[in-house]
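These are the residues of each chain, in order.
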Amino acid sequence: RSIIASVGDPSGPGVFEPCHGSAPDIAGKDLANPLATILSAAMMLRFDLDRPEAADAIEAAVSKVLDDKIRTGDIMEPGMTQVGCKQMGEEVVKRL
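Quick notes on the rules
Residues numbered from 1 in each chain as written. Predicted model: local features only at pLDDT ≥ 70, side-chain atom pairs only at ≥ 80, totals over all residues. Heavy atoms only, no water. Helix = DSSP H or I, 4+ residues; strand = E, 2+ residues; numbered from the N terminus. Buried < 20%, exposed > 50% of the residue type's maximum accessible area, 1.4 Å probe, protein only. Contact = heavy atoms within 4.5 Å. Areas by Shrake-Rupley, 256 points an atom, 1.4 Å probe, with all protein chains shown as cover. Core = buried A, V, L, I, M, F, W, Y, C linked by side-chain atoms within 4.5 Å. Axes fitted to C-alpha atoms, helices over the stretch in contact; angles between N-to-C directions. Parallel < 35°, antiparallel > 145°, perpendicular 65-115°, else oblique. Left-handed = near helix turned anticlockwise from the far one by under 90°. Nonpolar A, V, L, I, M, F, W, Y, C, P; charged D, E, K, R; others polar. Salt bridge = Lys/Arg side-chain N within 4 Å of Asp/Glu carboxyl O. Expected span 1.5 Å × (residues − 1).

A. Expanded view of the overall build of the protein chain. Looking only at helices and strands, the protein chain features three helices and four strands. Each helix (α) and strand (β) of the protein chain, taken in turn from the N terminus, gives the series β-β-α-α-β-β-α. Burial analysis of the protein chain (96 residues in total) assigns 26% to the buried set. Residue pairs in contact within the protein chain that sit at least 24 positions apart in sequence constitute 45% of those at least 6 positions apart. For the protein chain, the accessible surface area stands at approximately 6200 Å², while carbon and sulfur atoms represent 56% of it.

Structure below.
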């Protein structure tokens, strides 16, 4: 999955969004991985709102979650702890 910033008028705000589908087949099942959405918020803070410290904090929190071997099902590996979308978001917030 990729994260992109939409290109538009350089004098106005950009649009920052994870570049993936809406996954209607898993909607409401707590299976989605929220990390791309969280990291797109960090991009917005860094590149559009001139808040690099806040972006650094979010990126560090996401890295710490991954370092702590926490994964959603789509990136699960042996020896890791699997969580759902909600808990993954909560784990990132705990590390902010």
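B. The arrangement of the nonpolar core in detail. Membership of the largest hydrophobic core is limited to eight residues, which are L35, A61, V62, V65, I70, V83, M88 and V92. The set of elements that each furnish at least two residues to this core consists of helix 2 (52-67) and helix 3 (85-94). The leading source of residues in this core is helix 2, at three residues. Sequence-distant contacts of L35, defined by excluding residues within four places in its chain, comprise V62, L66, M88 and V92.

C. Broad picture of the packing of helix 1 (residues 35-47) against helix 2. Between helix 1 and helix 2, the shortest axis-to-axis distance is 7 Å and the interhelical angle comes to 160 degrees. It follows from the interaxial angle that helix 1 and helix 2 lie roughly antiparallel. Here helix 1 runs over helix 2; the crossing is left-handed. For the pair helix 1 and helix 2, the contacting residues are L35, I38, L39, A42, L45 and R46 in the first and P52, A54, A55, D56, I58, E59, V62 and L66 in the second. Along the lines of polarity and charge, the residues of the contact of helix 1 with helix 2 split into eleven nonpolar, no polar and three charged.

D. Expanded view of the pattern of salt bridges. Summed over all chains, the structure comprises six salt bridges. Each of K64, D68, E91, K94 and R95 takes part in a single network of salt bridges with overlapping partners.

E. Structural context of the packing of helix 2 against helix 3. Where helix 2 contacts helix 3, the two axes come as close as 8 Å, and the packing angle between them is 115 degrees. Here helix 2 and helix 3 pass one another in a crossing that is right-handed. From helix 2, A61, V62 and V65 reach across to helix 3, where they touch M88, E91 and V92. Of the residues contributing to the contact of helix 2 with helix 3, the split by class is five nonpolar, no polar and one charged.

F. The arrangement of helix 1 in detail. The first and last C-alpha atoms of helix 1 sit 18 Å apart over 13 residues, in line with the 18 Å expected at 1.5 Å per residue. Within the span of helix 1, buried status applies to L35, A36, S40, A42, M43 and L45.

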